[in-house]
Amino acid sequence: MVEIKASYLEEHFIEYCRYNTRSDGNSQTIPTTPGQVKLAKRVVKDLQQLGLQAWYNEKNGFAAAYLPANSTKKVTALGFFAHLDTADYPAENVSPQVYPNYDGKDVVLNEQENIVLRVAEFPELKKLVGQRLITTDGTTLLGADDKAGVAALISALKTLVEQPGILHGPIYVAFGPDEEIGQGAKYFDESQVPVEFGYTLDNGQPGDLEYETFNAASAQVEIKGTPVHPGDAYHLLVNATTLANEFVSLLPADEVPEKSRGHQGFIMVTEQESTPDHARLNLIIRDFDKERFQAKKQLLQEITSKINARFEEKRVKLTLKHQYSNIGDEIKKKPYIVELALSAYNKLGLTPNVTPFRGGTDGNFLTEKGIPTPNLFNSGNNFHGKYEYVTVEGMQLVVQTVIEICQQHFKKASR
């Protein structure tokens, strides 16, 4: 394997974690929070110190960089992506705690508050004995999602710069904002990263590969009632709350998140507000299969029509909004993208774990912009909360994977 400087990787990861980059779904700015701008500009500085062309895009909040090929052989450019923001959980004054040569036992994160990272609750910790464990102090998240990906990607570039014997084609990297609220990559300027395909380094364990996501849509149901005093309501009252409950009752009871896994989709009521006068439902629709996805949307339209048919005026208004499409539909047209990642995993001795991603990633928007982008991994655990952790060795595997993909791509293109 290529030698990776663990100290550089650890140092930069911890520094990045200290930036409060919590995104804000209620903000109207791009990025939604100032901490993301600060970290993006810090990342640009670090990349420039490596001698790379690097820049910050004021319009969309992306930091990006370019590493030219170190060979005259014609090789298409590769792209790698990671996100700068963290989830909706306390992220001010993050204080990473480092445990060299972790002993496999419970870790007291905060003695005063009796916050303990317990092996009984998180048995994956048993696999990390002897590794250099990094945790929170129990009061914030850590930020491994996705600062582990950010630090690993920069460390990979540092390694390639310092070891020119590792032959590779042109490489572009981009670090985006507001992934956690599904916004940042919508504004990505693909012209600045001219690649045919790429990979995100976001969540997951070594060997994980996700090249399928949900097709996704949101639905809003507005229901108009006729409020009348209940004592005089006979044949006059139209109760919007009752109609809202009827609408929900007509949804398939088994196609809900708590009864779905793998490639199974669902319809979920995410919010309900109602009075006799007016009711509102918010729903999300998810499915990997395009035909089943369309059928779920059609079902909502049929329920709307069924209820409206009983009244002289339309009482129910349905508004459907597309959110993102399954990246697998495009990636399957170019099997080389998956084959390249799997060949790198095999070379590194990683056991491939190809699974559907039951959500969406920046890769959804990147794929829609013409850059098919599956997700690899960043080796972190317990994201979005105080029990989040990662190991330096896990992040080193991310670095190794990025470099191996670059090497494999060079070799395949040179044949």
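Residues numbered from 1 in each chain as written. Predicted model: local features only at pLDDT ≥ 70, side-chain atom pairs only at ≥ 80, totals over all residues. Heavy atoms only, no water.

A short note on the overall build of the chain
And then number 1: For the chain, the helix and strand inventory stands at nine helices and 16 strands.
And then number 2: Here the C-alpha radius of gyration of the chain, 24 Å, is about what a compact globule of 415 residues would show, namely 22 Å.
And then number 3: By principal-axis analysis of the C-alpha atoms, the chain measures approximately 85 × 55 × 40 Å.
And then number 4: Relative to its 415 residues, the chain shows a buried fraction of 53%.
And then number 5: Expressed as a percentage of contacts within the chain between residues at least 6 apart in sequence, the contacts between residues at least 24 apart total 79%.
And then number 6: Roughly 18,800 Å² of accessible area belongs to the chain as shown, and the carbon and sulfur atoms make up 49% of that amount.
And then number 7: Here the chain contributes 43 positively and 53 negatively charged side chains, and the mean placements of these two sets differ by 4 Å. (Helix = DSSP H or I, 4+ residues; strand = E, 2+ residues; numbered from the N terminus. Rg over C-alpha atoms; globule rule 2.2 N^0.38 Å. Buried < 20%, exposed > 50% of the residue type's maximum accessible area, 1.4 Å probe, protein only. Contact = heavy atoms within 4.5 Å. Areas by Shrake-Rupley, 256 points an atom, 1.4 Å probe, with all protein chains shown as cover. Lys, Arg positive; Asp, Glu negative; His and termini not counted. Charge placed at Lys NZ, Arg CZ, Asp CG, Glu CD.)

Concerning the sheet that holds strand β4 (residues 97-99)
Pairing between the strands of a sheet is mediated by backbone hydrogen bonds and can be parallel or antiparallel.
And then number 1: One open sheet holds the three strands; their spatial order is β4-β7-β16, and the pairing between them is antiparallel. The open sheet is flanked by β4 and β16 (389-391), the only strands paired with a single partner. Strand-to-strand twist in this sheet, taken as the mean axis angle between neighbours without regard to direction, amounts to 25 degrees.
And then number 2: Here three bridges tie β4 to strand β7 (residues 133-135), and the two strands are oriented antiparallel to one another. When the bridges of β7 are listed, Gln97 appears paired with Thr135. (Pairing = 2+ DSSP bridges. Axes fitted to C-alpha atoms, helices over the stretch in contact; angles between N-to-C directions.)

With respect to empty space enclosed by the protein
And then number 1: Using the criterion set out here, one finds three cavities of 30 Å³ or more in the structure.
And then number 2: Taken as a whole, the largest cavity spans an internal volume of roughly 50 Å³.
And then number 3: What lines the largest cavity is simply Phe81, Ala82, His83, Asp146, Thr200, Leu201, Asp202, Thr361 and Asp362.
And then number 4: Here the lining of the largest cavity gets three residues from one element, more than from any other, and that element is strand β3 (residues 78-83).
And then number 5: Considering only residue class, the lining of the largest cavity consists of three nonpolar, three polar and three charged. (1 Å grid on protein atoms, 1.4 Å probe; cavity = no way out; pocket = protein on both sides within 12 Å on 5 of 7 lines; lining within 4 Å. Points joined across faces, edges and corners; volume = space filled by probe spheres on them. Nonpolar A, V, L, I, M, F, W, Y, C, P; charged D, E, K, R; others polar.)

Observations regarding the pairing of strand β12 (residues 266-274)
And then number 1: Judged from the eight bridges that link them, β12 and strand β13 (residues 278-287) form a sheet pairing that is antiparallel. What sits directly across from Phe266, in β13, is Arg286.
And then number 2: Adjacent in sequence and paired antiparallel, β12 and β13 are bridged by three residues.

Quick look at the nonpolar core
And then number 1: Within the largest apolar cluster, 67 residues are counted, with the highest numbers of intra-cluster contacts made by Phe13, Val43, Phe80 and Phe175.
And then number 2: With sequence-adjacent residues up to four places away left out, Phe175 is seen in contact with Val43, Leu47, Gly61, Phe62, Ala63, Ala82, Leu84, Val150, Leu153 and Ile154.
And then number 3: One finds Val221, Ala240, Leu243 and Ala279 within the second-largest nonpolar core, a separate group that totals 20 residues. (Core = buried A, V, L, I, M, F, W, Y, C linked by side-chain atoms within 4.5 Å.)

A word on the packing of helix α2 (residues 34-49) against helix α3 (residues 144-162)
And then number 1: Where α2 meets α3, the axes come as close as 11 Å, and the angle between the chain directions of the two elements is 15 degrees. Classified by the interaxial angle, the pair formed by α2 and α3 is roughly parallel. As α2 runs across α3, the sense of the crossing is right-handed. From α2, Leu39, Val43 and Leu47 reach across to α3, where they touch Lys147, Val150, Ile154 and Leu157.
And then number 2: Looking at the contact of α2 with α3 residue by residue, the class counts come to six nonpolar, no polar and one charged. (Parallel < 35°, antiparallel > 145°, perpendicular 65-115°, else oblique. Left-handed = near helix turned anticlockwise from the far one by under 90°.)

A short note on the pattern of salt bridges
And then number 1: A full pass over the atoms with the stated rule returns 22 salt bridges.
And then number 2: Residue Asp106 pairs with Arg118 through a salt bridge whose shortest N-O separation is 3.9 Å. In this pair, Asp106 sits in the loop between β4 and β5 (107-110) while Arg118 sits in the loop between β6 (115-117) and β7, placing the two residues 12 residues apart along the sequence.
And then number 3: Across the salt bridge formed by Glu271 and Arg280, the nearest N and O atoms sit 3.4 Å from each other.
And then number 4: Exposure remark for Arg280: the relative accessible area of 15% places this residue in the buried category.
And then number 5: One connected set of salt bridges, linked through shared partners, spans Glu255, Asp287, Arg292 and Lys296. (Salt bridge = Lys/Arg side-chain N within 4 Å of Asp/Glu carboxyl O.)

Notes on the layout of surface pockets
And then number 1: The volume enclosed by the largest pocket comes to roughly 660 Å³.
And then number 2: Every residue lining the largest pocket is counted, 33 residues in all, and those nearest its centre are Glu179, Glu180, Ile181, Gly182 and Gln183.
And then number 3: Mapped onto the lining of the largest pocket, the elements with two or more residues apiece are β14 (316-324) and α8 (362-368).
And then number 4: Counting residues per element, the lining of the largest pocket draws most heavily on β14, at four residues.
And then number 5: For the lining of the largest pocket, the per-class residue count stands at seven nonpolar, 17 polar and nine charged.
And then number 6: Lys127, Leu128, Gln131, Gln205 and Pro206 are the residues nearest the centre of the second largest pocket, which is lined by 14 residues in total.

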